[in-house]
Every structure is written in structure tokens, then in C-alpha cells.
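Coordinate inspection notes
Single-letter residue listing:
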Amino acid sequence: MNILVTGCNGQLGTEFRKISANGDTNNWIFTDVEELDICDENAVNECFTSNSIDICINCAAYTAVDKAEDNYDMARKLNAFAVKILADACKKQGALFFHISTDYVFKGDGNEPHLETEPVAPLSVYGKTKAEGEQLIRESGCSHVIIRTSWLYSSTGNNFVKTMLRLGSERETVTVVSDQIGSPTWASDLAHFIMLILNKNGKNEIHETFHFSDEGIISWCDFANAIFELGGKNCKALPITTAQFGAKAHRPAYSAFNKTKIKNFTGEEIPFWRDSLIKCLEELNKTN
């Protein structure tokens, strides 16, 4: 199949590059903004037609959560309008659309893992624009799989794990919020489960939303201390509240996912977050 990956230079897109380089027999077309402006409807349609796209995996997004509060138009352009352009192109081409969404579509004021069927109630610009993107996909009528994920990290790009490793080398203590609860997601695990869905479903018509993160529910402070421990850093994360941290955008206080649906669909168990963190740190050690 001809698979288009947008946002290919990001954390998740890089994992699909690895998959394509490791013997996958599909024909992969990797684009970032330099190769394809997903906000340009004509360019997107031309790309789909000339490459006979069967699958589109959209890894592109505006993910600067705090900056989005002051850049609503740009966040909406990338997280909603561009998503509609891709969804409409998939509908015309008869292609299957994989789209990555977020835990920020939920308010996060509960204490039970979120189900896919729960109504969304985003409180930040980022969450609102991502929720709008989801809705535009559904309204387009294209065959699609929306996957909401949380706390994404990898050995590439900018992310919490790499930031903590850097700070852990520079300081003896750092302060990290302890009242935001959720689950980390290693980008490699997310890419693997997307491929499981893709290979199981093929080009068949599908209209589904799934939740995916690694197993286990922790706080950001817990996660930071695990990074220091497993990364060999003589540093300790000290707990503070979200109010003390003072971020501009609202973060969901509880964003853990119920992942029964994706496990039943793929027939595969999801790795525990700590095991995946160890693998990511091993990757980082090889590249440094």
C-alpha cells in the first residue's frame, strides 16, 4: 500500500521512518512542511492523486500547548482546518485516515480512566482545536481511525524525558507537578499499535476512535523520578501543584485512558510504561 506520513520529522513520524527502513514492504511517502503544506488544499489533493495514496497517517500538529493560548488561529489552522483538508482528500481518494489526537480533549476532573465514548470537554486552546479536528474528520465521512494518546516521548525531538535527563545532569533537585495524573507513551509503542490496526484492517472501511498510552498510571513527578533513577542521574524531583507551576494553558488533572477497546481490536497487550522508558533510555545511550 502507498502510505503517506505527514509531520514525518516529529517524534511519531520518526518511528514510522524506522519501520519503513526495517523491511516493511509498503511504499512510504514521508513529508513535513518543506515537502507538503497540509494547509494547502490543492497541494494535498495533488499529492494524494499523484501518489495514489491508500493510507494517510497524520503526525502533524500544533503541539505548543501554552503558546497556543496566544496563537489560536495558528493552532486551529494546523489542528482543525488542515485536518479537514486531509480528511476530505482521503474521502475523495478512498484512502484510510489515521489521525493522532490527545488527552487534552477531556476536562480531566474525574478519577476513572477515560472511555472513547465519553463526551469531550476541552479547556485549553490546544484541546479545543484538537477536538474540532476530530469532529471535522467524522463529518467528512472518510474512513478513519482517530487515536488519542498522552504524554508522548521518544529518543528524538523535544520531550519531557530528554528535558529531565538534561536537568538531572545540571541540578540536584527539580520541581515537578504531582497533581496531574496520567500515563506516559513511548512513541515507538504508539507506532507499533497503529501498524497493528493498519495491518489488521487493511483498506477496509472503518470509523473508530481508540485510546492508547502505555500501561500504568502515575504523576509527572513520579515519572521524573523514574527518569532520574533509570537514567543514572543524581537528582530528585520535588512535588509542586499545578497552581504553583503556573502554566498558561489548562492541563487535565486526570487523563488516564481506558484501553480495553484497542487491546481487544489488536489482540495484543500494551507494555508497562517503566519497561518502555528503559528501552527509550537504551536508545538514547546508543545515539549519545
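See the structure shown above.
A few points on the structure. (Residues numbered from 1 in each chain as written. Predicted model: local features only at pLDDT ≥ 70, side-chain atom pairs only at ≥ 80, totals over all residues. Heavy atoms only, no water.)

Some words on the sheet that holds strand β1 (residues 2–6)
Pairing within the open sheet is parallel, and its six strands lie in the order β2-β1-β3-β4-β5-β10. Single-partner strands in this sheet number two, and they are β2 (27–31) and β10 (207–211). Direction aside, the axes of adjacent strands within the sheet are offset by 15° on average. Direction of pairing for β1 relative to strand β3 (residues 55–58): parallel, over a ladder of four bridges. (Pairing = 2+ DSSP bridges. Helix = DSSP H or I, 4+ residues; strand = E, 2+ residues; numbered from the N terminus. Axes fitted to C-alpha atoms, helices over the stretch in contact; angles between N-to-C directions.)

Points about the pattern of salt bridges
What the rule picks out here adds up to 15 salt bridges. Here Asp-109 makes a salt bridge to Lys-107, at a shortest N to O gap of 3.7 Å. Linking Glu-208 and Lys-261 is a salt bridge whose minimum nitrogen-to-oxygen distance equals 2.6 Å. Taken together, the residues Glu-208 in strand β10 and Lys-261 in helix α10 (residues 260–266) connect sequence positions 53 residues apart. Note on Glu-208: relative accessible area 28%, which makes it partly exposed. In this structure, a network of salt bridges that share partners links the residues Glu-15, Lys-18 and Glu-283. (Salt bridge = Lys/Arg side-chain N within 4 Å of Asp/Glu carboxyl O. Buried < 20%, exposed > 50% of the residue type's maximum accessible area, 1.4 Å probe, protein only.)

Quick notes on the state of the cysteines
This structure, assessed with the given rule, holds zero disulfides. Unpaired in this structure, Cys-56 has its nearest cysteine sulfur neighbour in Cys-90, at a distance of 4.7 Å. (Disulfide = S-S within 2.5 Å.)

Looking at the packing of aromatic side chains
Taken as a whole, this structure holds 12 aromatic pairs when the rule is applied. Ring plane angle 35° and centroid distance 4.8 Å describe the contact between Phe-193 and Phe-212, whose orientation is recorded as tilted. Residue Phe-193 is found in helix α7 (residues 187–201), and its partner Phe-212 is found in the loop between β10 and β11 (218–219); the two are separated by 19 residues along the sequence. For Phe-193, a relative accessible area of 1% translates into the label buried. Each ring, one from Phe-223 and one from Trp-273, has its centre 5.8 Å from the other, and the planes form 90°; the classification is edge-to-face. Highlighted residues: Phe-223 in helix α8 (residues 220–230) and Trp-273 in helix α11 (residues 273–287), separated in sequence by 50 residues. By relative accessible area, Trp-273 is classed as buried at 7%. A network of ring pairs unites the aromatic residues Trp-151, Tyr-153, Phe-160, Trp-220, Phe-223, Phe-272 and Trp-273 as a single cluster. Its end group placed over the ring of Phe-265, Lys-200 keeps NZ or CZ at 4.9 Å from the ring centre. Cation over ring: Lys-261 sits above Phe-210, and NZ or CZ is 5.1 Å from the ring centre. (Phe/Tyr/Trp six-rings, centres within 6.5 Å; stacked < 30°, edge-to-face > 60°. Lys NZ or Arg CZ within 6 Å of the ring centre and 35° of its normal.)

Considering α11
Here α11 spans 21 Å end to end across 15 residues, near enough to the 21 Å set by a 1.5 Å rise per residue. Of the residues making up α11, those classed as buried are Trp-273, Ser-276, Leu-277, Cys-280, Leu-281 and Leu-284. What you see down the axis of α11 is that its buried residues fit within an arc of 140°, all on one side. Opposite the buried face of α11, by more than 90 degrees, sit the exposed residues Asn-285 and Lys-286. (Expected span 1.5 Å × (residues − 1). Arc of directions from axis to C-beta.)

In short, the description is geometric, and any link to function would need to be established separately.
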